[in-house]
Amino acid sequence: SAVISQKPSRDICQRGTSLTIQCQVDSQVTMMFWYRQQPGQSLTLIATANQGSEATYESGFVIDKFPISRPNLTFSTLTVSNMSPEDSSIYLCSVEEYRSTNYGYTFGSGTRLTVV
Amino acid sequence: DQQVKQNSPSLSVQEGRISILNCDYTNSMFDYFLWYKKYPAEGPTFLISISSIKDKNEDGRFTVFLNKSAKHLSLHIVPSQPGDSAVYFCAASARPNFGNEKLTFGTGTRLTIIP
């Protein structure tokens, strides 16, 4: 299965600043997905990033707040802009994964963001 | 509107016994379902999935059952082992095309295996 390296693993940031999260995959993938898990909540899809085109954002998420880059088939970044304490969450990137009888998604280890 | 629900936030099971985790969904367009396991400070790990054309899928100690009429699925772990202690998420998608589908996650069930 794909191996995903996500950096940083955690960070504490000041209100009003921005943080860029990096996601590196050990194989070429068409689609990469960015999720958020707020404290005590389930995972919510932020956007889908396709190499060579604009990311597709889910309802409630906008490009100005969460700009995404996808410069090649193995790498993507998510920026959390103008942060507020409500942005404190775990952010995860994900790619598709195939097994013999199963099809699913592999996740990175996540970035635990705390905004103070 | 929580389209995927895991009504049990926690579950404790004796080692060696069967663990049964339940998940209900409301969106009749969902046709593919997945289970994930998550340890603290790690990303979710894909366990097993099932398509709506099946009612059962097995992979080692893990079996997923799907009851479409009841919009219910369950994950069975037999036998349960201490390393199975984690948070388990149910997820669902509607896949008009293969791949590139949004997953909708439940809120998770914390499973504790008692030695």
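These numbers come from a predicted model, not from an experiment. (Residues numbered from 1 in each chain as written. Chains lettered and ligands numbered in written order. Predicted model: local features only at pLDDT ≥ 70, side-chain atom pairs only at ≥ 80, totals over all residues. Heavy atoms only, no water.)

Visitor: Could you clarify how one ought to interpret the pattern of salt bridges in this entry?
Guide: Two side chains that carry opposite charge are able to pair once their charged atoms sit near each other. All names here are of chain A. Going through the model one piece at a time under the given rule, you end up with three salt bridges over all chains. A salt bridge links Asp-87 to Lys-65; the nearest nitrogen and oxygen atoms lie 2.6 Å apart. Remark: Lys-65 occurs in the loop between strand 6 (56-57) and strand 7 (68-72) and Asp-87 occurs in the loop between strand 8 (75-80) and strand 9 (89-98); sequence separation between them is 22 residues. (Salt bridge = Lys/Arg side-chain N within 4 Å of Asp/Glu carboxyl O. Helix = DSSP H or I, 4+ residues; strand = E, 2+ residues; numbered from the N terminus.)

Visitor: Looking at this model, I keep getting lost on the nonpolar core. Mind explaining?
Guide: Within soluble globular proteins, side chains that are nonpolar tend to cluster in buried spots. Residues Trp-34, Ile-46, Phe-66, Ile-68, Leu-78, Tyr-91 and Leu-113 of chain A are the most contacted members of the largest nonpolar core, which totals 26 residues. Elements with a contribution of two residues or more to this core: strand 3 (19-25), strand 4 (31-37), strand 5 (43-50), strand 8, strand 9 and strand 11 (111-115) of chain A. Examining the composition of this core, we find that four residues originate from one element, strand 3 of chain A, more than from any other. Core analysis: the second largest hydrophobic core is formed by 23 residues, Phe-30, Phe-33, Leu-73 and Cys-90 of chain B among them. (Core = buried A, V, L, I, M, F, W, Y, C linked by side-chain atoms within 4.5 Å. Buried < 20%, exposed > 50% of the residue type's maximum accessible area, 1.4 Å probe, protein only.)

Visitor: Explain the packing of aromatic side chains here, please?
Guide: Working definition: an aromatic ring pair is given by the centre-to-centre distance plus the angle between the planes. With the rule as written, the count across this model stands at 12 aromatic pairs over all chains. Through pairs of rings, three or more aromatic residues link up here, namely Tyr-35 and Phe-107 of chain A together with Tyr-36, Phe-46, Phe-89 and Phe-105 of chain B. (Phe/Tyr/Trp six-rings, centres within 6.5 Å; stacked < 30°, edge-to-face > 60°.)

Visitor: Is there a simple way to explain the interface of chain B and chain A in this structure?
Guide: Buried accessible area, meaning the area lost when the parts come together, often serves as the stated size of an interface. Contacts between the two partners involve 26 residues from chain B, matched on the other side by 23 residues from chain A. Across the interface of chain B and chain A, roughly 2000 Å² is buried in total on both sides, 54% from carbon and sulfur atoms. At the junction of chain B with chain A, the criterion picks out zero salt bridges. Counting across the chain B and chain A interface gives two residue pairs in polar contact (both at pLDDT 80 or more). Looking at side-chain class alone, the side of chain B that touches chain A contains 12 nonpolar, eight polar and six charged residues. (Contact = heavy atoms within 4.5 Å. Buried area = accessible area lost by both parts, 1.4 Å probe. Polar contact = N/O pair within 3.5 Å; in protein donor to acceptor, adjacent residues only side chain to side chain. Nonpolar A, V, L, I, M, F, W, Y, C, P; charged D, E, K, R; others polar.)

Visitor: I would appreciate a short explanation of the pairing of strand 4 (residues 32-38) of chain B in the present structure.
Guide: A regular strand places its side chains so that they alternate between the two faces of the sheet. Residues and elements named next belong to chain B. Of all seven residues that make up strand 4, seven are buried, and the element is covered over most of its length. Residue alternation in strand 4 divides its side chains into two sets, Tyr-32, Leu-34, Tyr-36 and Lys-38 and Phe-33, Trp-35 and Lys-37, and both sets are buried. Relative to strand 5 (residues 45-51), strand 4 is paired through six bridges, and the arrangement is antiparallel. Considered in strand 5, the bridge of Tyr-32 is made with Ser-51. (Pairing = 2+ DSSP bridges.)

Visitor: Sorry if this is basic, but what is going on with the sheet that holds strand 1 (residues 4-5) of chain B here?
Guide: All names here are of chain B. Taking strand neighbours across the sheet as the criterion, the five strands line up as 1-3-8-7-6 in an open arrangement whose pairing is antiparallel. Where the open sheet ends on each side, the last strands, each with one partner, are strand 1 and strand 6 (56-59). Alignment of strand 3 (residues 19-25) against strand 8 (residues 72-77), held across six bridges, turns out to be antiparallel. Among the inter-strand pairings, Cys-23 is bridged to a residue of strand 8, identified as Leu-73.

Visitor: Teacher, can you tell me more about the sheet that holds strand 8 of chain A here?
Guide: Two orientations exist for strands paired in a sheet by backbone hydrogen bonds: parallel and antiparallel. Residues and elements named next belong to chain A. Strand order in the open sheet formed by four strands is 1-3-8-7, with antiparallel pairing between adjacent strands. With one partner strand each, in any of the chains shown, strand 1 (4-7) and strand 7 form the two edges of the open sheet. The average undirected angle you get between the axes of adjacent strands in this sheet is 15 degrees. Sheet topology places strand 7 next to strand 8; three bridges connect them, and they run antiparallel. Looking at the pairing, Asn-72 lines up with Phe-75 of strand 8. (Axes fitted to C-alpha atoms, helices over the stretch in contact; angles between N-to-C directions.)

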